[in-house]
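# Fold and geometry: a report
Chain residues, written in single-letter form:
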Amino acid sequence: MQPLLPYALAFAAGAMIFVVVEEIIPESQSSGHGDVATFGVMVGFALMMVLDVALG
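Residues numbered from 1 in each chain as written. Predicted model: local features only at pLDDT ≥ 70, side-chain atom pairs only at ≥ 80, totals over all residues. Heavy atoms only, no water.

### Regarding the overall build of the protein chain
The helix and strand inventory of the protein chain stands at two helices and zero strands. Relative to the globule expectation of 10 Å for 56 residues, the C-alpha radius of gyration of the protein chain, 14 Å, shows a markedly less compact shape. Across its three principal axes, the protein chain shows a C-alpha extent of roughly 40 × 30 × 15 Å. Expressed as a percentage of the 56 residues in the protein chain, the buried residues total 7%. (Helix = DSSP H or I, 4+ residues; strand = E, 2+ residues; numbered from the N terminus. Rg over C-alpha atoms; globule rule 2.2 N^0.38 Å. Buried < 20%, exposed > 50% of the residue type's maximum accessible area, 1.4 Å probe, protein only.)

So this is what it looks like as structure tokens:
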């Protein structure tokens, strides 16, 4: 079970970020393009994490 723990924690973190963007930040949802705004935040966050790992 220990080798699966990092993946489970990463999934939980992603779910928490999704909830924060979808529910707590209403400005991104107000114009009727909520799904696009949420997807943009998730892609941006993933890109930021990739650059953080790649550039040290």
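### Some thoughts on the side chain of Thr 38
Position of Thr 38 relative to the elements: it lies in helix H2 (residues 34–55). Here Thr 38 is in contact with Phe 18, Val 21, Glu 22 and Gln 29, once residues within four sequence places are set aside. (Contact = heavy atoms within 4.5 Å.)

### Looking at the packing of helix H1 (residues 5–24) against H2
At their nearest, the axes of H1 and H2 sit 10 Å apart, and the two run at 140 degrees to each other. Between H1 and H2, the crossing angle belongs to the class labelled oblique. Crossing handedness for the pair H1 and H2: right-handed. Along its contact with H1, which presents Ile 17, Phe 18, Val 21 and Glu 22, the element H2 presents Thr 38, Val 41, Met 42 and Phe 45. Taken together, the residues of the contact of H1 with H2 sort by class into six nonpolar, one polar and one charged. (Axes fitted to C-alpha atoms, helices over the stretch in contact; angles between N-to-C directions. Parallel < 35°, antiparallel > 145°, perpendicular 65-115°, else oblique. Left-handed = near helix turned anticlockwise from the far one by under 90°. Nonpolar A, V, L, I, M, F, W, Y, C, P; charged D, E, K, R; others polar.)

### Focus: a nonpolar patch on the surface
A contiguous nonpolar patch, built from Met 1, Leu 4 and Tyr 7 and spanning about 450 Å² of accessible area, is present on the exposed surface. Checked against the element boundaries, Met 1 lands in the segment before H1. For Met 1, a relative accessible area of 82% translates into the label exposed. (Patch = residues over 30% accessible without salt bridge, like charges linked within 9 Å, V, L, I, M, F, W, Y side chains within 5 Å. Areas by Shrake-Rupley, 256 points an atom, 1.4 Å probe, with all protein chains shown as cover. Salt bridge = Lys/Arg side-chain N within 4 Å of Asp/Glu carboxyl O.)

### Looking at the environment of Asp 35
Topologically, Asp 35 is positioned in helix H2. For Asp 35, a relative accessible area of 65% translates into the label exposed. Distance in space between the C-alpha atoms of Asp 35 and Glu 22 is 8.4 Å, their sequence separation being 13 residues.

### Structural notes on the environment of Ala 46
With respect to the helices and strands, Ala 46 occurs in helix H2. Ala 46 sits 32 residues away from Gly 14 along the chain, and the two C-alpha atoms are 9.7 Å apart.

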